[in-house]
Amino acid sequence: MRIKRNPNPPRRCIFCGGTPISKEHIWPAWMRPYLPAGQFAQFIRSSDLRGPIPQLRAGPLNRKGDGRSQKLKVVCRPCNNNWMSILQDRTKATLVPLLLNDIQEICEPEHELLATWATMFTMVYETCQPNPMQTATTGTQRSLFKAEQKPPQHWIFWCAPHDGVSCPIFHTGFGSVRRLADPETVEPGKASLTTCAVGAISLAIFGVNSEYGFQAFSDAISMLVEQAGFVRLWPSLGRNISVIDRRISPLSSRELGQIHYALRAFIEREVAVSRARRSPANNGDL
C-alpha cells in the first residue's frame, strides 16, 4: 500500500502571511524600458557568523536570463496589487529622472519616499537567501512596514552617483549574531547589508532588528560608507542631496561590489574579534 505524503504547505506572503502567492518582479515591470538589457550582477550571501568561514550559497536568482524580468514568488496578490503597487506609483516621479540620468538633486521631501521604496525592494530581494532562517528582516519588521510604509527604525540609507551601465545588486544577511541582539531578550540579532544601483544612483542600505545591535555597528558603518563617497539619504540630513557631482566620478558596478565586500568583511571581522574576546565558557557563542 502506497503511503500518501502530506502536501507541502502553501507559501505565505512575507508581509501579511496571506495566500495565494503571486510573482513579484525584482525590478518593477514599469522600469524595464529604462534599464539596460542583460544579465545583471546579483550576489547574495547568507552568514550566521558562527562558523570560521561564512559561506556563499546559490539562491533562486542564480540562473541565466534577462535581469529585468526576474521574479520571486514571495508576496500575495492583494499586497502586490494594492499597497505595493501604490508605493511603486508614488515613487515613479522620483525614480524616472534617476533612471534617465536627468536629475541634479534629490529634494529633501523625496528622501523618505525613496528610502521607503528601497526598503520594500530590500525586503523582497533578501528572500533570495537559500536558507530562509538567514533572512535578515523579521516577520514583525515586515508586518510593521506594510502597516506604516515608512523606512524601518534602525535602518540607514545612503546614495551616491552611479554610471548607469548596469543594475547590480549585492546583499548579505547576517543572522543569529549575539552582538547584534539586546542582552535582555532571547531574539537573535539580525542585520542586512545591501548595495545596489539603478540608473544614475547607487544605494547602500544597512539595517538591524534591535537598538542594541544598531548602536554596536551604525557609527562605524556610516563612517566607512561615507568615506567611499556616499551621502546619507535617510534619516534625512534636512537638505537636498546632489546626485550628479562633477567632482566625483560615478561608481561602476565593480566599485559598488568592492565597497560591499569591504563593508561585509568589516562586520565579519568585528564579530570575530568580539567572539575571540569572550570567555571559553560561552562555547564560542556570539
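Residues numbered from 1 in each chain as written. Predicted model: local features only at pLDDT ≥ 70, side-chain atom pairs only at ≥ 80, totals over all residues. Heavy atoms only, no water.

Glancing now at the packing of aromatic side chains. Using the criterion set out here, one finds nine aromatic pairs in the structure. Summarising the aromatic geometry, the rings of phenylalanine 15 and phenylalanine 145 are spaced 6.3 Å apart at their centres and angled 40 degrees between planes, so their arrangement reads as tilted. On the criterion of sequence distance, the pair formed by phenylalanine 15 in the segment before β1 (21–25) and phenylalanine 145 in helix α4 (residues 139–148) is long-range, its members being 130 residues apart. The exposure class of phenylalanine 15 is buried, given its relative accessible area of 2%. Every member of this aromatic cluster is reached through a ring pair, and the members are Trp27, Trp117, Phe121 and Tyr125. (Phe/Tyr/Trp six-rings, centres within 6.5 Å; stacked < 30°, edge-to-face > 60°. Helix = DSSP H or I, 4+ residues; strand = E, 2+ residues; numbered from the N terminus. Buried < 20%, exposed > 50% of the residue type's maximum accessible area, 1.4 Å probe, protein only.)

A word on unusual backbone geometry. Among all residues except glycine, the phi angle is most often negative; among peptide bonds, the trans geometry is most common. Residue threonine 19 is joined to proline 20 through a cis peptide bond whose omega torsion reads -5 degrees. Positionally, proline 20 belongs in the segment before β1. For the peptide bond that leads from tryptophan 234 to proline 235, omega is -5 degrees, which places it in the cis range. Along the chain, the position of proline 235 falls in the loop between β9 (231–234) and β10 (241–242). A positive phi angle, near 55 degrees, is found at asparagine 101, a position not held by glycine. Relative to the helices and strands, asparagine 101 resides in the loop between α2 (83–99) and β4 (105–106). One non-glycine residue, histidine 154, lies in positive phi territory at about 70 degrees.

By themselves these figures say nothing about function.
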